[in-house]
Amino acid sequence: MDGTYATRSGPRSGRRIVCACALAILLGSSPALAGKRDKRFAPSPDRTTATQDDQGVYIPLTLPVAPESVTATASDVGGIDPTMVPIIDEDLKFMVHGPGAQIRADDAHAFATGAGLVVAVLDGGFNLNHPALAGSLGIGYDALDDDFDAHDPGNGIDDDLDGIVDRGGGHGTFVAGMVLLSAPDVTIVPIRIRDDEGWGTNAQTLRGLEFAQRIGADVINLSITNSDWKQREVMHLLGQLVEAGAPVIVSAGNSATSIYEKEMALSEFTLAVGAVDSRDVLADFSNYAWITPMVYAPGVDLWGPIGNPRDDTWGTWSGTSFAAGIVSGAAALARSVHPEYSALQIHDHLRRSVDLAFNAWGWPLGSGRINLLKVVTQ
Ligand SMILES: [Ca+2]
Ligand SMILES: [Ca+2]
Ligand SMILES: [Ca+2]
């Protein structure tokens, strides 16, 4: 797969030059990356007993609640709701009638599109050949292989024997698609830190974050759960990234619990994102918070690019992972209109750029659902 997507020329060749420069810098100054390839470990029979030892502790992605509900529908398959028939379009305009309308994407794009900014998507299951990503990709990094090709659409094998083949396949592709929904002109830098079944180690997360730091990413998206999020090295790196000006957007998780149970969302350096449905009601799977100032975004039955099992596969998917992608795009828009803001000011700005959203009992959620028009006009 090396070079497959890099050879695709989009209309934004200037960015590829920037990325090529970044690669040159990396190749010339990345001794920390070289030689840090750690060996892969067989999945533990009991992954719920995660320990401080990141060597061999497998960390699940924030996967949809019911992976089997994913309707990985190829674009040429009939029987799709006419209003949801994908029109493969580079700027994802096909989506503005769904969640795009809910978050005022079209209106916001009259003010900003994220042009010139880089969003690092640390994830897994990237299909970099998907048409939705054409012209939007920078050179990425693969923390599992220690190479610059993050492509991993799945191998068709149930490697972790959980009964689901390539459980993580397409996850990163879908997250990247959601980023582009909010910010169609950003450059996505795909950073592979999870395998095609959705597992990875803290060491891989660290190396992925190091890469994002080296290229000076403008926004960091982490749609993962991490049992040891407060690992000293991870927190240190997140702090450095935030100090350098990069908002860090994380998914709140899909276990329908208070966010206080999720260490990553407690981090002072991150902005946690929960999911609401098309009525702005908290998704029944979404984590939430009563006090922690998190933000919400559409995350139920989103339509987007999957790329598994085929390059042009589209489908619907639910999860806070994808809500986080939408907010990462929003963070890029915020950076476009507020270059003077610190990363934490971007977080605060996003928390304020919302409409009311509610839980199942009709009570307003702490922060509401992101409104991109407010992001770019406040
Ligand atoms: Ca690779
Ligand atoms: Ca599996
Ligand atoms: Ca597999």
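Throughout what follows, the structure given in this document is the object of discussion. (Residues numbered from 1 in each chain as written. Chains lettered and ligands numbered in written order. Predicted model: local features only at pLDDT ≥ 70, side-chain atom pairs only at ≥ 80, totals over all residues. Heavy atoms only, no water.)

1. Comments concerning the coordination of the calcium ion (ligand 3)
Coordination of the calcium ion (ligand 3) by the protein involves Asn 155 (OD1), Ile 157 (O), Asp 159 (OD), Asp 166 (OD), Asp 196 (OD), Asp 196 (OD) and Glu 197 (OE), with metal-donor separations of 2.1 to 2.8 Å. By relative accessible area, Asp 166 is classed as buried at 6%. (Donors = N, O, S within 2.8 Å, 3.2 Å for Na, K, Ca; no water. Buried < 20%, exposed > 50% of the residue type's maximum accessible area, 1.4 Å probe, protein only.)

2. Observations concerning the coordination of the calcium ion (ligand 2)
For the calcium ion (ligand 2), every protein donor is listed as Asp 158 (OD), Asp 160 (OD), Asp 162 (OD), Ile 164 (O) and Glu 197 (OE), and the spread of their distances is 2.2 to 2.3 Å. The sequence motif formed by the donor residues of the calcium ion (ligand 2) is D-x1-D-x1-D-x1-I-x32-E. Here the residue Asp 158 occupies a position in the loop between β3 (141–142) and α4 (171–182), and Glu 197 occupies one in the loop between β4 (187–192) and α5 (202–214), the gap between them amounting to 39 residues. Looking at Asp 158, the relative accessible area reads 16%, which means it is buried. When its relative accessible area of 2% is taken as the criterion, Glu 197 is described as buried. (Helix = DSSP H or I, 4+ residues; strand = E, 2+ residues; numbered from the N terminus.)

3. Some points on the packing of helix α8 (residues 320–337) against helix α9 (residues 343–352)
Between two packed helices, both the angle of their axes relative to each other and the distance between the axes serve to describe the pair. Interhelical geometry of α8 versus α9 gives an angle of 115° and a closest axis separation of 10 Å. The angle between the axes of α8 and α9 places the two elements in the roughly perpendicular class. Here α8 runs over α9; the crossing is right-handed. On the side of α8, the interface is formed by Val 327, Ala 330, Ala 331, Ala 334 and Arg 335, while α9 contributes Ala 343, Ile 346, His 349 and Leu 350. Here the contact of α8 with α9 is built from residues that sort into seven nonpolar, one polar and one charged. (Axes fitted to C-alpha atoms, helices over the stretch in contact; angles between N-to-C directions. Parallel < 35°, antiparallel > 145°, perpendicular 65-115°, else oblique. Left-handed = near helix turned anticlockwise from the far one by under 90°. Contact = heavy atoms within 4.5 Å. Nonpolar A, V, L, I, M, F, W, Y, C, P; charged D, E, K, R; others polar.)

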